[in-house]
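Survey of secondary and tertiary structure
In case you want the letters, here they are:
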Amino acid sequence: MRIIVINGPNLNRLGVREPGVYGSKTLTDLEQRLLVFGDVEGIDVSCFQSNHEGDLIDAIHEANDQYEGIIINPGAFTHYSYAIRDAIASVNIPTIEVHISNVHAREDFRHTSVTAPVTMGQIVGLGFKGYELAMLALKEQRGGK
Ligand code: DQA
């Protein structure tokens, strides 16, 4: 199966950005890890990152025809972007939302996700492992267990 992992704003700063919250590994480390995990699980993974709302929306729209699932970490857009929510709602493939940190243990504004209600589910606080668990969930949903 083919899936895309979409990371939103500031996730290109992984490794240098608040390492106490997000760890010391970089976005490249994350993407490499997911490619290796995908090889093991028979999942063809593409990765995309952008700091721009419109580019994320375009990537979600384009995924509809090219992939069988989306894993998205919308970064801070999670908390207020109705446009990204509508983009997720507009596609016919399952989407899982992932957050590296436990957003519920952080500032109040991070407790709300406007995007999660239109996803298949949300995984928070498990670090990079959350992306792998989302991959397994997409595979199982498709029946490729
Ligand atoms: C994040 C949590 C968001 O609140 C924050 O704005 C991010 C990263 C996470 O992965 O934990 O950029 O999505």
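Because the structure is predicted, anything quoted here is derived from the model rather than measured.

Describing the UniProt feature "binding site: substrate" (unreviewed entry) in the chain
On the UniProt side, "binding site: substrate" (unreviewed entry) is annotated at positions that read Asn-73, His-79, Asp-86, Ile-100, Ser-101 and Arg-110 here. Judged by maximum C-alpha separation, these annotated positions cover 38 residues in sequence and are scattered in space, the widest gap reaching 24.0 Å. Considering the arrangement of structural elements, one finds Ser-101 in the loop between β4 (95–99) and β5 (121–124). Taking the C-beta count within 10 Å as the criterion, Ser-101 has 18 such neighbours and is therefore assigned partly exposed. Setting aside its immediate chain neighbours within four residues, Ser-101 contacts Val-21, Tyr-22, Arg-106 and Gly-125. Tracing the chain through its elements places Arg-110 in the loop between β4 and β5. When the 17 C-beta atoms within 10 Å are taken as the criterion, Arg-110 is described as partly exposed.

Concerning the sheet that holds strand β2 (residues 44–49)
The five strands are arranged β2-β1-β3-β4-β5 in an open sheet whose pairing can be described as parallel. Both outer strands of the open sheet, β2 and β5, are each paired with one neighbouring strand and no more. Across this sheet, the average inter-strand angle for adjacent strands is 20°, counted without regard to direction. As paired strands, strand β1 (residues 2–7) and β2 are joined by six bridges and run parallel to one another. Counted as the bridge partner of Ile-3 is Val-45 from β2. Sitting on the sheet, helix α5 (residues 129–142) touches β1, β3 (69–73), β4 and β5, and the angle it makes with β4 is about 165°.

A few points about the nonpolar core
Counting residues in each nonpolar core, the largest one holds 28 residues, and the members touching the most others are Ile-3, Val-5, Ile-6, Ile-60, Ile-70, Ile-71 and Tyr-131. Put simply, the parts of the chain that give this core at least two residues each are β1, α2 (27–41), α3 (53–66), β3, α4 (82–90), β4 and α5. In this view, Ile-71 contacts Ile-3, Val-5, Ile-96, Val-98, Tyr-131, Ala-134 and Met-135; residues no more than four positions away in its chain are not counted.

Topic: the site of the ligand
In the vicinity of the ligand, the contacting residues are Asn-10, Asn-73, Gly-75, Ala-76, Thr-78, His-99, Ile-100, Ser-101, Val-103 and Arg-110. The residue makeup of the shell around the ligand, split by class, is three nonpolar, six polar and one charged.

Re the UniProt feature "active site" (unreviewed entry) in the chain
UniProt feature "active site" (unreviewed entry): in the numbering of this structure it lies at Tyr-22 and His-99. The greatest C-alpha distance among the residues just named is 9.7 Å, despite their covering 78 residues of sequence, which places them together in space. Relative to the elements of secondary structure, Tyr-22 occurs in helix α1 (residues 19–22). Excluding anything up to four places from it in sequence, Tyr-22 contacts Leu-14, Arg-17, Ile-100 and Ser-101. Secondary-structure assignment places His-99 in strand β4. Aside from chain neighbours lying at most four places away, what touches His-99 is Asn-73, Val-124 and Gly-125.

Notes on the packing of α2 against α5
Interaxial distance between α2 and α5 falls to 10 Å at its minimum, and their mutual angle equals 35°. The two elements α2 and α5 meet at a crossing, and its hand is right-handed. Across from Leu-30, Leu-34, Phe-37, Gly-38 and Glu-41 in α2, the residues of α5 making contact are Tyr-131, Glu-132, Met-135, Leu-136 and Lys-139. Along the lines of polarity and charge, the residues of the contact of α2 with α5 split into six nonpolar, one polar and three charged.

About the cut-offs
- Residues numbered from 1 in each chain as written.
- Predicted model: local features only at pLDDT ≥ 70, side-chain atom pairs only at ≥ 80, totals over all residues.
- UniProt positions renumbered as here; feature names shortened; annotations may be inferred.
- Helix = DSSP H or I, 4+ residues; strand = E, 2+ residues; numbered from the N terminus.
- Buried ≥ 20, exposed ≤ 12 C-beta atoms within 10 Å, placed from the backbone.
- Contact = placed C-beta atoms within 7 Å.
- Pairing = 2+ DSSP bridges.
- Axes fitted to C-alpha atoms, helices over the stretch in contact; angles between N-to-C directions.
- Core = buried A, V, L, I, M, F, W, Y, C linked by C-beta atoms within 7 Å.
- Near = placed C-beta within 6 Å.
- Nonpolar A, V, L, I, M, F, W, Y, C, P; charged D, E, K, R; others polar.
- Left-handed = near helix turned anticlockwise from the far one by under 90°.

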